Amino acid sequence: MRAYVDQDTCIGCGLCAATCPEVFQLNAEGKAEAIADTTDENRSGVQEAIDNCPVSAIREEE
Ligand code: SF4
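Residues numbered from 1 in each chain as written. Predicted model: local features only at pLDDT ≥ 70, side-chain atom pairs only at ≥ 80, totals over all residues.

Check the secondary structure of the protein and you find 2 helices and 4 strands. Ordering the α and β elements of the protein from the N terminus gives β-α-β-β-α-β. By residue count, 21% of the 62 residues in the protein fall in the buried class. Excluding contacts between residues fewer than 6 apart, the proportion of contacts in the protein whose partners are at least 24 apart in sequence is 57%. (Helix = DSSP H or I, 4+ residues; strand = E, 2+ residues; numbered from the N terminus. Buried ≥ 20, exposed ≤ 12 C-beta atoms within 10 Å, placed from the backbone. Contact = placed C-beta atoms within 7 Å.)

Our next topic: the nonpolar core. Counting 13 residues, the largest nonpolar core has Cys-16, Cys-20, Phe-24, Ala-49 and Ile-58 as its most contacted members. For this core, the elements supplying multiple residues, two or more each, are β1 (2-5) and α2 (43-52). (Core = buried A, V, L, I, M, F, W, Y, C linked by C-beta atoms within 7 Å.)

On to unusual backbone geometry, then. One non-glycine residue, Ser-56, lies in positive phi territory at about 50 degrees. Structurally, the position occupied by Ser-56 is in the loop between α2 and β4 (58-61). Here Ser-56 falls in the exposed class, since 11 other C-beta atoms lie within 10 Å of it.

Only one face of β1 is covered, namely the face carrying Ala-3 and Val-5; the face carrying Arg-2 and Tyr-4 is uncovered. Relative to β4, β1 runs antiparallel, the two being bridged by 4 bridges. If you follow Arg-2 over to β4, its bridge partner there is Glu-61. (Pairing = 2+ DSSP bridges.)

Shape is all these values report; function is a separate question.
Okay, structure coming up:
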């Protein structure tokens, strides 16, 4: 699994990067992006980021 951030939807609040910095970071445009695959170790953090994103910009795909 890997998380993807919809660049048009993300408002760059930084919550996902604060919640799960091993997967999410803000890019040069000030939008979040996933920098790593979802693993057993970070799965709960990824899910928390998905659940708490204020604009539901994060999705996960196989
Ligand atoms: S929590 Fe959502 S809106 Fe905020 S930076 Fe992450 S993807 Fe963007």
